[in-house]
Amino acid sequence: QVHLVESGGGLVQAGGSLRLSCAASRRTFSNYAMGWFRQAPGKEREFVAAISWNIAITAYADSVKGRFTISRDNAKSTVSLQMNSLKPEDTAVYYCAANGLWRPTQSAEYDYWGQGTQVTVSS
C-alpha cells in the first residue's frame, strides 16, 4: 500500500505559478512511476504529467507542455509539479498517483491515488 498526500494547491491569478507536491508513505516509492491528473467540475479526470521511477522519462499532456514540469526526489519520496503561466482552464482538483508500470496516461493503470488538492486560476 502506498499512501499519497498532495499539497500546494490554492488560488492564483492567470499567468501566475504554483508548485504542487505529493508525499508518499512507502520507502519503495522509487519502484513506482508517478503521475499527476486533474479533474474539473463536470469533466472527466485527465492526464497531466508523469515521470518514470528512475526519472529518465517524462510525459506531458499537450495542454501543459512548456508550462508544467514534473520532478521527483526518490530519497525524499516526493513528486512535484511546477505549474507556470497558469490559465483559468487549469482550474481543477489535482491528484497524484502511483503506477507500478510505465503506462503514464491511463488513469486506470494507476494503483494508488492521493485525495487531491484544489487549484483555482482566476482570470
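Each remark here, short or long, concerns the structure printed above.
About the cut-offs
Residues numbered from 1 in each chain as written. Predicted model: local features only at pLDDT ≥ 70, side-chain atom pairs only at ≥ 80, totals over all residues. Heavy atoms only, no water. Helix = DSSP H or I, 4+ residues; strand = E, 2+ residues; numbered from the N terminus. Core = buried A, V, L, I, M, F, W, Y, C linked by side-chain atoms within 4.5 Å. Buried < 20%, exposed > 50% of the residue type's maximum accessible area, 1.4 Å probe, protein only. Contact = heavy atoms within 4.5 Å. Pairing = 2+ DSSP bridges. Salt bridge = Lys/Arg side-chain N within 4 Å of Asp/Glu carboxyl O.

S.K.: I'd love a proper account of unusual backbone geometry, names of residues and values included.
M.R.: Here the phi dihedral of I55 falls at roughly 70 degrees; this positive angle occurs in a residue that is not glycine. Within the secondary structure layout, I55 lies in the loop between β5 (46-51) and β6 (58-60). Positioned with a positive phi, S77 is a non-glycine residue whose angle comes to about 55 degrees. Considering the arrangement of structural elements, one finds S77 in the loop between β7 (68-73) and β8 (78-83).

S.K.: Please give an account of the nonpolar core that cites residues and values.
M.R.: Formed by 36 residues in total, the largest nonpolar core has its most connected members in L4, W36, L81, M83 and Y94. Looking at this core, the elements that each hand over two or more residues are β3 (18-24), β4 (33-39), β5, β7, β8, β9 (92-99) and β11 (117-122). Setting aside residues no more than four positions away along its own chain, Y94 makes contact with E6, L20, W36, F37, R38, V48, F68, L81, M83, G116, T117 and V119.

S.K.: Quick one: what's the story with the pairing of β8, residue by residue and with numbers?
M.R.: Strand direction decides the pairing type here: β3 and β8, joined by six bridges, are antiparallel. Bridging from a neighbouring strand, A23 pairs with T78 of β8. Pairing of β7 with β8, which is carried by six bridges, proceeds in the antiparallel orientation. Looking across to β8, one finds that R72 is bridged to V79. Hairpin connection between β7 and β8: a loop of four residues separates the two successive antiparallel strands, and S77 in this loop has a positive phi of roughly 55 degrees.

S.K.: Before we move on, can you summarise the pattern of salt bridges with the specific residues and values?
M.R.: A complete count under the given rule lists five salt bridges for this structure. Among the ionic pairs, D62 bridges to K65, the shortest N-O distance being 3.2 Å. Judged by relative accessible area, which is 65%, D62 ranks as exposed. When the shortest N-O distance is used, the salt bridge between E109 and R103 registers 3.2 Å. By relative accessible area, which is 29% here, E109 ends up partly exposed. Residue class for R103 comes out partly exposed when judged on its relative accessible area of 43%.

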